[in-house]
Amino acid sequence: MVERVVACGAGFAGDRTEPAVALAASGLVHAVGLECLAERTLVPGLRARQKDPEAGFDPRLRRRLRPWLGVAKENACRVISNLGAANPAAAGRKIAQIGRELELDGLRVAAVVGDDVASLAHKVAWDEPLKGALLGAHAYLGADSMKRAIDENADVIVTGRVADSALFSAEAIPILEDDGDALAGATTVGHLLECSGQMTGGNFEMPDGTSLSAQDFAHLGFPLAHVFPDGSAELGLLEGAPGRIDALTCTLQLFYEVHDPANYITPDAILDFTGISFEEIGSNRVRVSGARSRGRPDKLKVSGFVDHPGIIADIEIGYAGTHCLQRGRVAADALRLRLDDVPSDDLQIDLVGIDSTLGAASLPPSNRVPEVRVHVSARCADAEMAQIIEDEVYALTLSGPAGGGSVRSERRANLAVVDGYIDRELVKSEIIWETV
């Protein structure tokens, strides 16, 4: 049966490297995708590129690729990644340099560019007005942006902002039937693979509290998929790799970051997940089928990164021991009184472990709390205001409830991510080739 075997070697920029090496060395996999770019992780790249035109790609690129680039080349396993971040062209040159260091003669590196649409910002229908300085704007490209590189036998494809699923579905496009549902199936497989260990038992727990062991988590295998021409696939792990793939883990990953399962919009297709089925066909083997396409969107999503004036101040102070929860609440109330002149929209005070995630929906603690941290986050007009808020937290160590300490403080830029949409015909992707 004609198939393409695609695997996930990373679900975020700092993910483990060993699973990618194992997948490439197996000789079973046609392509390993590395999903290494989130919206806000573009920002350091944009700032770095402003200072140096040869910077802006993920700084982990060398550490992530050098240990296994030769293994991948030896086993005819393509590497596809968005490690290019804000500067895929420079990333392509850096990867070629690594290839020369490893003496990988003939290594073909394709850098996909075109997602940077800052010059077209006036053509974007933004969800809200852009208030502040536009640091950058990047459109989500689809799998078709990588198709030519695959057709021309690239060993490595490095991109900037593309849909996460496209990093994996692109490899299957050459074998797919000329049918929208086949592409929908391959795109669904890409969505299932994109979070690495999250589909193989990571971030998973049964209602009774059971999960994988510490040994399994420490050496967790990452998923692979045998993709067939109709877009269906068999999901699994390398033989002997620790982990868990079954209908439950697959279902949870299917709905990850999906707001409407009947209309999940990607650059390649609008997906309908409502007919998907997961069939367990063996130990850590699941067949997935039933994805449907509702057509291709006319517009591409754009993320705009806007620098606002001011600073975000983030400060914590800890309390431990008997009555620490009561002392933490008193400290939080004291801060609210001291900072009552700060607009409520610019200030958040909560207790980590008690109500910092769920807020008013938090339930009362079921047992005595051994320790708690009071957390303050404030949008400040300038560094002076940030210092005033930080000082108020430090003041609690002398003029607050007993036992306050372990103060942590940080400041960061006041950055906003604003979404918008652009006509897809305005966004042109290109390939810059590098050969070793």
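Not measured: the values here are computed from a predicted model. (Residues numbered from 1 in each chain as written. Predicted model: local features only at pLDDT ≥ 70, side-chain atom pairs only at ≥ 80, totals over all residues. Heavy atoms only, no water.)

**What to know about the overall build of the protein**
Working step 1: In terms of helices and strands, the protein carries twelve helices and 19 strands.
Working step 2: The C-alpha atoms of the protein give a radius of gyration of 24 Å, which matches the 22 Å a tight globule of 436 residues would have.
Working step 3: Oriented by its inertia axes, the alpha-carbon framework of the protein measures out at about 70 × 50 × 45 Å.
Working step 4: Every one of the 436 residues in the protein was classed for burial, and the buried ones make up 50%.
Working step 5: In the protein, the share of contacts with a sequence separation of at least 24, taken over all contacts with a separation of at least 6, comes to 78%. (Helix = DSSP H or I, 4+ residues; strand = E, 2+ residues; numbered from the N terminus. Rg over C-alpha atoms; globule rule 2.2 N^0.38 Å. Buried < 20%, exposed > 50% of the residue type's maximum accessible area, 1.4 Å probe, protein only. Contact = heavy atoms within 4.5 Å.)

**Section: the side chain of Asn-414**
Working step 1: With respect to the helices, strands and loops of the structure, Asn-414 is situated in strand E18 (residues 405-423).
Working step 2: Its relative accessible area of 9% is what places Asn-414 among the buried residues.
Working step 3: Here Pro-309 takes part through its backbone oxygen, which lies 3.2 Å from a polar atom of the side chain of Asn-414.
Working step 4: Setting aside anything within four residues of it in sequence, one finds Asn-414 in contact with Val-306, Asp-307, His-308, Pro-309, Gly-310, Ile-311, Ile-312 and Arg-379. (Polar contact = N/O pair within 3.5 Å; in protein donor to acceptor, adjacent residues only side chain to side chain.)

**A look at the sheet that holds strand E12 (residues 277-282)**
Working step 1: Strand order across the open sheet formed by ten strands is E12-E13-E9-E8-E1-E2-E3-E7-E4-E19, with mixed pairing between neighbours. Of all strands in the sheet, those with a lone pairing partner are E12 and strand E19 (430-435), marking the two edges. For this sheet, the mean inter-axis angle between neighbouring strands, taken without regard to orientation, is 20°.
Working step 2: Of the strand pairs in this sheet, strand E8 (residues 224-227) and strand E9 (residues 233-236) are connected by four bridges, and their pairing is antiparallel. By the bridge assignment, Ala-225 is partnered in E9 with Leu-235.
Working step 3: Relative to strand E4 (residues 108-113), helix H5 (residues 88-101) is tilted by about 170°, and along the sheet it contacts E4, strand E7 (156-158) and E19.
Working step 4: Sheet strands touched by helix H6 (residues 144-151): strand E3 (78-81), E4, E7 and E19. Its angle to E19, the strand with the most contacts, is close to 35°. (Pairing = 2+ DSSP bridges. Axes fitted to C-alpha atoms, helices over the stretch in contact; angles between N-to-C directions.)

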